[in-house]
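Per-entry structural report
Residues per chain are reported as follows:
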Amino acid sequence: MHIHLWPYKAIYIGISPDNDVHAHHAVQICIGLDKDISVQDYKAQSIHTGQCIVIFEDVPHKILAQDNQIVVIYLEPEDRQNQQFLKALRQAKSDGINTLPLTSKELGSISQHLFTDVDIDKVWKTVNKAVGLVYSPALSSRPEDKRVRAVIDIIASQRGCAIDMAFLSSKVFLSPSRLTHLFKQEVGIPISRFIVWWRVRAAIEQLSKSATLTEAAHASGFSDLPHMSKTFKQLFGFAPSRYSNRTPLKFTVISRLIQAESSLTRE
């Protein structure tokens, strides 16, 4: 089992975890490698089944694919490249959960680029082509609020750690209440949830450097390990410690300068 983590993107490869109902900020594309998977939509009270399923952000869901080999691609909506893809996807599909077509050739291409030598760009192009979005439309001409973009960049650069509203609002010369309202208006979720999302990413990065679960929790701004585990489960449907008792989960953090890999260790 493996998690590859890029800025604004992530890929999980392995056995589908036994998960509870959860929701998170990223758009999620689930691909069954050996057979179809099902996803239960707790908002619409429906079940979607197929080889490739897209789950838009903040939709409560449960993956029904226990013991299946799956690939899960996470796309964060703030990234400009992701925005272009997601805008086109929303024009083709409704918000919520949708089944997408995948040919055997496309599935083989995705598997090749994931297992031979992980190439996010080639995986991206294959998925893009598979859902008919090769010629994605240009981004909206609606101007981006520079203050909100600055706050997003600060949170991302600090991985959500050591950040509070007073600090952020002072950086963009807004009151905390005005920034809270503006951020929700522009991004679609409360700023507190966005910070938590980046703290979880920071915890995963710490685990990639051989930190224990407790060390990762403290380094990423959580008050303690139970707080991090509870948040992780709310976002992904399972606690990170479950892998300590079963199959080790390997992390790869990819940036411009660093690649780091290690097994998830027990507290």
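Residues numbered from 1 in each chain as written. Predicted model: local features only at pLDDT ≥ 70, side-chain atom pairs only at ≥ 80, totals over all residues. Heavy atoms only, no water.

Turning our attention to the overall build of the protein. Of the regular secondary structure elements, the protein holds 9 helices and 11 strands. Taking all 267 residues of the protein together, 52% fall into the buried category. In the protein, of all internal contacts separated by at least 6 residues, the share reaching a separation of at least 24 is 69%. Counting only carbon and sulfur atoms, one obtains 51% of the accessible surface of the protein, whose full area is about 12700 Å². (Helix = DSSP H or I, 4+ residues; strand = E, 2+ residues; numbered from the N terminus. Buried < 20%, exposed > 50% of the residue type's maximum accessible area, 1.4 Å probe, protein only. Contact = heavy atoms within 4.5 Å. Areas by Shrake-Rupley, 256 points an atom, 1.4 Å probe, with all protein chains shown as cover.)

Turning our attention to the environment of Arg 147. Inspection of the secondary structure assignment puts Arg 147 in helix α4 (residues 146-157). With relative accessibility at 32%, the residue Arg 147 sits in the partly exposed group. Spatially, the C-alpha atoms of Arg 147 and Leu 174 are 8.8 Å apart, while their sequence positions differ by 27 residues. Beyond its immediate stretch of four places on either side in the chain, Arg 147 contacts Val 172, Leu 174 and Leu 182.

Next up on the list: the environment of Pro 17. Assignment of secondary structure puts Pro 17 in the loop between β2 (9-15) and β3 (27-32). Sequence separation of Pro 17 and Ala 65 is 48 residues, and the distance between their C-alpha atoms is 8.0 Å.

Where burial is concerned, most of β3 is hidden: 6 out of the 6 residues are buried. Side chains of β3 alternate between two faces, with Val 27, Ile 29 and Ile 31 and Gln 28, Cys 30 and Gly 32 buried alike. Note: β3 against strand β8 (residues 69-75), 6 bridges, orientation antiparallel. Bridge pairing in β8 links Cys 30 to Val 72. Where β3 lies against strand β6 (residues 52-55), 4 bridges are found, and the strand directions are antiparallel. From the neighbouring strand, Gln 28 faces β6, where its bridge partner is Ile 55. (Pairing = 2+ DSSP bridges.)

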